[in-house]
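Fold and contact review
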Amino acid sequence: MSAVMPTYARANLEFDRGEGCYLYTADNRRFLDFAAGIAVTSVGHSHPHVVDALKSQAEKLWHVSNLYTIPGQEKLAKRLCENSFADVVFFSNSGAEACEGAIKLARKYHSADGRPEKTRIITVKGAFHGRTTTTIAAAGNEKYTEGFGPLAPGFDTVAWGNLNELRGAITHETAAIMVEPVQGEGGIRPASLDYLRELRKIADEYGLLLIFDEVQIGFGRSGKLFGHEWAGIAPDVMAIAKGMGGGFPVGAFLATAEAAKGMTAGTHGSTYGGNPLAMAVGNAVLDVVLEPGFLERVDMVGRRFWKLLLDLVAKHPSVFEEVRGAGLMLGLKCVVPNGEMVGRLREEGLLTVPAAENVVRLLPPLTVEDRQIDEAMAILDRVAANWAASSAA
Ligand SMILES: *Cc1c(COP(=O)(O)O)cnc(C)c1O
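Residues numbered from 1 in each chain as written. Predicted model: local features only at pLDDT ≥ 70, side-chain atom pairs only at ≥ 80, totals over all residues. Heavy atoms only, no water.

Secondary structure assignment for the protein chain yields 12 helices and 17 strands. For 393 residues, the compact-globule estimate of 2.2 N^0.38 gives 21 Å, and the protein chain sits close to it at 21 Å. Taking the principal axes of the C-alpha coordinates as reference, the protein chain spans close to 70 × 55 × 50 Å. Sequence-distant contacts in the protein chain: of pairs separated by 6 or more residues, those separated by 24 or more amount to 72%. Each charge class in the protein chain can be summarised by its mean position, and for the 39 positive and 46 negative side chains these summaries are 0 Å apart. (Helix = DSSP H or I, 4+ residues; strand = E, 2+ residues; numbered from the N terminus. Rg over C-alpha atoms; globule rule 2.2 N^0.38 Å. Contact = heavy atoms within 4.5 Å. Lys, Arg positive; Asp, Glu negative; His and termini not counted. Charge placed at Lys NZ, Arg CZ, Asp CG, Glu CD.)

Below, the structure written as C-alpha cells:
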C-alpha cells in the first residue's frame with residue numbers, strides 16, 4: 001500500500017523523463033502530453049534555456065528569505081509590470097496562495113482607505129481558486145468544501161455570466177469581484193469579452209476592486225500574455241501561477257499601486273515566495289514567452305487546433321458535443337463519460353485532463369507544433385471512431 005495520502009485517483013503510470021511535448025516511461029513508452037502538468041509546463045519539458053537558468057542558479061544560491069533584496073525578484077517583477085496593467089508584484093509558491101493574497105489585498109485596500117466594513121468578495125459559480133480553506137470557500141463548490149467546514153465567511157457567489165444577479169449581490173460591505181476570464185476546472189468556460197468589460201464598469205461604478213484569477217489562462221495560454229487583454233480592459237489585481245514557472249512551483253499576485261496601497265511592510269509574507277531558484281526559472285520562462293512572435297504563434301496554432309476539433313465533433317456526434325475555450329486552453333464537452341475518455345486517450349498515448357461539465361481538457365505546452373496537434377487529432381479520431389463503433393454494435 002502507498003504511504004502517499006490517497007487524495008488523488010492517480011493513473012497507474014510513472015514517467016521517467018520529458019522532452020518538449022512528450023513524456024517517456026522508464027521502459028521508453030512515449031506519451032504526447034496535452035495535460036502539461038495541468039497547464040503548467042508552458043514551454044515544454046526540459047526546455048534548454050529554462051534548464052540552464054535553473055542549473056546555473058542552483059550552483060550559485062538557492063534561498064535567502066525575503067529579509068533581503070532578491071535581484072531575480074526585482075527583475076521579474078519589473079518585467080511583469082512592463083508587460084501588464086500592474087505596478088507591483090508579490091511572489092508566492094502556488095496559485096491558491098496567489099488568490100489568497102489577492103483577497104487579502106482587496107480587503108486591506110478598503111481598510112487602509114477608511115472603509116473597514118468592505119470585506120466581502122463576489123465570486124461566481126463554477127469557479128476554482130485553489131484548495132486552501134479560504135479559496136475553497138471563495139469558489140463555494142461543494143465537491144471541494146464538503147466536510148471541511150466551517151467555511152471562511154466573506155464570499156457571495158452568483159451565477160457565471162449573469163450581471164443582474166451580480167449587481168444585486170453588491171452591498172455596502174462588498175470589497176471586490178473575483179473571476180477567472182476562462183474557467184478551467186469549471187469546464188473550460190470562457191467569459192464573453194462583454195461580460196469582462198461590464199465587470200470593469202460595475203467595479204468602477206461601485207468602487208470595488210476587480211480581481212482576475214489568471215492562474216490557468218495567464219502567462220500566454222490565451223495567445224496574449226494575459227487572457228483579459230482580449231477584452232481591452234484590465235483588472236486591479238491578478239493572480240497567476242501554473243504556466244509561469246513551467247513546472248517549478250511559483251505564483252504571484254499583481255496589482256496597481258492604488259489597489260496595493262495597504263500592502264505595506266509586515267502586512268503579508270512568504271518564506272519561500274520568490275526565492276532565487278523560482279525567480280531564475282520565472283525569468284527564463286518569460287524570456288521564451290516574450291520572444292517576438294511566440295504569443296502570435298500560440299494564437300495561430302490554437303485557432304487551427306480549434307477548427308480541427310470542430311470537425312472532430314461534427315464527425316463523432318455520439319461521442320463529442322462541443323468545443324470550448326481560448327488559445328491553447330481548449331475543452332471537448334463529451335457525450336460519453338469524460339473520465340473514461342481521458343483513460344482511453346491515455347491508453348493510446350495522449351494525455352489530457354478532465355474538467356467539470358463532462359469536459360476533456362486539451363492543454364498542450366505553448367511550444368506545441370502543428371504536427372503534434374495532428375498526432376493528437378489522429379488519436380482523438382481513432383478513439384472516437386472505436387467508441388462509436390463499439391456502442392453501435
Ligand atoms: C490551479 C488553479 C488554482 C490553484 O493553483 P494551485 O497552484 O493548485 O494552488 C487557482 N485558480 C485557478 C484558476 C486554477 O486553475
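That covers the picture; the talk isn't over yet.
With their axes 9 Å apart at the nearest point, helix α3 (residues 71-82) and helix α9 (residues 276-289) run at an angle of 35° to one another. Pair α3 / α9 crosses with left-handed handedness. Residue-level inspection shows Gly72, Gln73, Lys75, Leu76, Arg79 and Leu80 of α3 in contact with α9, the latter providing Met279, Gly282, Asn283, Leu286 and Asp287. (Axes fitted to C-alpha atoms, helices over the stretch in contact; angles between N-to-C directions. Left-handed = near helix turned anticlockwise from the far one by under 90°.)

Spatial strand order, β4-β12-β11-β10-β7-β5-β6: 7 strands in an open sheet with mixed pairing. Looking along the sheet, the strands with just one partner apiece sit at the ends: β4 (88-92) and β6 (155-158). Strand-to-strand twist in this sheet, taken as the mean axis angle between neighbours without regard to direction, amounts to 20°. Direction of pairing for strand β11 (residues 237-240) relative to strand β12 (residues 251-255): antiparallel, over a ladder of 4 bridges. In the strand pairing of β12, Ala239 is matched with Phe253. In this fold α3 packs onto β4, β11 and β12, with an angle of close to 125° to the strand it touches most, β4. (Pairing = 2+ DSSP bridges.)

A few words now on the pattern of salt bridges. Oppositely charged side chains can form a pair if their charged atoms are brought close together. One pass over the structure, following the stated rule, counts 25 salt bridges. For the salt bridge of Arg79 with Asp287, the shortest nitrogen-to-oxygen distance reads 2.7 Å. Residue Arg79 is found in helix α3, and its partner Asp287 is found in helix α9; the two are separated by 208 residues along the sequence. The closest approach of N and O atoms between Arg120 and Asp156, which form a salt bridge, is 2.7 Å. Of the two residues, Arg120 is situated in strand β5 (residues 120-124) and Asp156 in strand β6; the sequence distance between them amounts to 36 residues. Under the relative-accessibility criterion, Arg120 is labelled partly exposed at 23%. The class of Asp156 is partly exposed, set by a relative accessible area of 22%. Put simply, Asp113, Arg115, Glu258 and Lys261 are held in one network by salt bridges that share partners. (Salt bridge = Lys/Arg side-chain N within 4 Å of Asp/Glu carboxyl O. Buried < 20%, exposed > 50% of the residue type's maximum accessible area, 1.4 Å probe, protein only.)

Around the ligand, the structure places Ser94, Gly95, Ala96, Phe128, His129, Gly130, Glu180, Asp213, Val215, Gln216 and Lys242. A distance of 2.6 Å separates an oxygen atom of the ligand from a polar side-chain atom of Lys242. Out of a free accessible area of 380 Å², the ligand has 82% covered by protein chains. Across the shell around the ligand, the residue classes tally to 3 nonpolar, 5 polar and 3 charged. (Near = heavy atom within 4 Å. Polar contact = N/O pair within 3.5 Å; in protein donor to acceptor, adjacent residues only side chain to side chain. Areas by Shrake-Rupley, 256 points an atom, 1.4 Å probe, with all protein chains shown as cover. Nonpolar A, V, L, I, M, F, W, Y, C, P; charged D, E, K, R; others polar.)

So, on to the environment of Asn12. As for its position among the elements, Asn12 is in the segment before β1 (17-19). The class of Asn12 is exposed, set by a relative accessible area of 82%. It is 34 Å that separates the C-alpha atoms of Asn12 and Phe91, two residues lying 79 residues apart in sequence.

Approximately 590 Å³ is the volume attributed to the second largest pocket. Around the second largest pocket, the lining comprises 27 residues; the ones closest to its centre are Val89, Phe90, Phe91, Met263 and His268. Secondary-structure elements contributing two or more residues to the lining of the second largest pocket are α3, β4 and β12. A per-class count over the lining of the second largest pocket returns 15 nonpolar, 10 polar and 2 charged. (1 Å grid on protein atoms, 1.4 Å probe; cavity = no way out; pocket = protein on both sides within 12 Å on 5 of 7 lines; lining within 4 Å. Points joined across faces, edges and corners; volume = space filled by probe spheres on them.)

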